[in-house]
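Each chain, letter by letter, is given below.
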Amino acid sequence: MNHSPLSFYTLGTGRAGTAVSRWLRSHGHRLVGAWNRSAPRAQRAASLLNVRVDRGELTELPACGVVIVAVSDAAIAQTGRRLAPLLHPPMVAFHLSGSLAAGALGDLGVPRASVHPLVALSDADTAQRSLDEALFTLEGDAIAVEHAERMLAPLGVSTQRIAPPQKVRYHAAAVMASNLVVALVAEAAALAREAGVKNAEGALAQLARSALDQTLASGAAAGLTGPLRRGDLQPEE
């Protein structure tokens, strides 16, 4: 590794918190500890991360430069209130939410940023490769955003700053390109099974991939096929 490692502590060891922590550590940054409210999840994370995972009331933090808040969106404000008395300069705090601005953490007394990997983290084992190829969007206090850029740039990933008012549009775009696609393929597979198609999920997944590949290569118009491309506008009976 050709950059100076940074020390970090992670609050929240669900899929995102665990995946990002493992990934950062695999690139040389130093995970000094973690916290999670749930005992089973804390135990699993301790095994995956090979680090102490605290539970219960937070009364102190180990020495670190960065605190990563990886809790649910609904818990970010409360977590920020609990964190505030424990933070001090030159520490910085990041949250990983795609929909909320850095200000959702509240007044922490240290610079804050939202650092969101634009990638689906559904599986811990494949998350490392996915994060290596992800775009990270950054927003928040200038010092914290610059700190995030210094932390991520040497790892070979792309970063992009966005304005706080654009987080809602950004998150809507992310949902449309991920969860909405999953829901559409699942619904299409159900219809195909009703029509007697075997291995409907696999067949439709290949169709979806080919359409997406064509769209990315040549644009949305080129990705449209079948009735839309031919202009067949008769409704299905």
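Asker: Mind showing me how you'd approach the pairing of strand β4 (residues 66–69) here?
Answerer: Each regular strand displays side chains that alternate between the two surfaces of the sheet. Across the two faces of β4 the burial is the same, with Val66 and Ile68 and Val67 and Val69 all buried. The sheet contact formed by strand β1 (residues 7–11) and β4 spans 4 bridges and is parallel. Bridge pairing links Phe8 to Val66 in β4. Pairing of β4 with strand β5 (residues 92–95) involves 4 bridges; the strand directions are parallel.

Asker: Would you mind showing me how to read the sheet that holds strand β2 (residues 30–35) here?
Answerer: Paired through their backbone hydrogen bonds, the strands of a sheet run either parallel or antiparallel. Taken together, the 8 strands give an open sheet; going across it, the order is β3-β2-β1-β4-β5-β6-β7-β8, and neighbouring strands pair in mixed fashion. Looking along the sheet, the strands with just one partner apiece sit at the ends: β3 (53–54) and β8 (158–161). Looking at chain direction, β5 and strand β6 (residues 112–117) are connected through 3 bridges and run parallel. Paired with Ala93 across the bridge in β6 is Arg112.

Asker: What exactly am I supposed to notice about empty space enclosed by the protein here?
Answerer: To find leftover empty space, one rolls a probe the size of a water molecule over the atoms. Tallying each qualifying case throughout the model produces 2 cavities of 30 Å³ or more. Taken as a whole, the largest cavity holds about 80 Å³ of empty space. Only α1 (15–26) and α5 (142–152) provide two or more residues apiece to the lining of the largest cavity. One number sums up the size of the second largest cavity: a volume of about 40 Å³.

Asker: Where do I start with the nonpolar core in this structure?
Answerer: Inside soluble globular proteins, nonpolar side chains tend to come together where they are buried. Counting 33 residues, the largest nonpolar core has Trp23, Leu24, Phe94, Val115, Phe136 and Leu152 as its most contacted members. Of the residues forming this core, the biggest block, 5 residues, is contributed by α5. Dropping the residues within four chain positions of it, Trp23 is found in contact with Gln128, Leu131, Asp132, Phe136, Leu152, Leu155 and Val157. Grouped together as the second largest cluster of nonpolar side chains are 20 residues, Leu58, Val67, Met91 and Leu108 included.

What counts and how
Residues numbered from 1 in each chain as written. Predicted model: local features only at pLDDT ≥ 70, side-chain atom pairs only at ≥ 80, totals over all residues. Heavy atoms only, no water. Buried < 20%, exposed > 50% of the residue type's maximum accessible area, 1.4 Å probe, protein only. Helix = DSSP H or I, 4+ residues; strand = E, 2+ residues; numbered from the N terminus. Pairing = 2+ DSSP bridges. 1 Å grid on protein atoms, 1.4 Å probe; cavity = no way out; pocket = protein on both sides within 12 Å on 5 of 7 lines; lining within 4 Å. Points joined across faces, edges and corners; volume = space filled by probe spheres on them. Core = buried A, V, L, I, M, F, W, Y, C linked by side-chain atoms within 4.5 Å. Contact = heavy atoms within 4.5 Å.

Nothing here speaks to function; it is all geometry.
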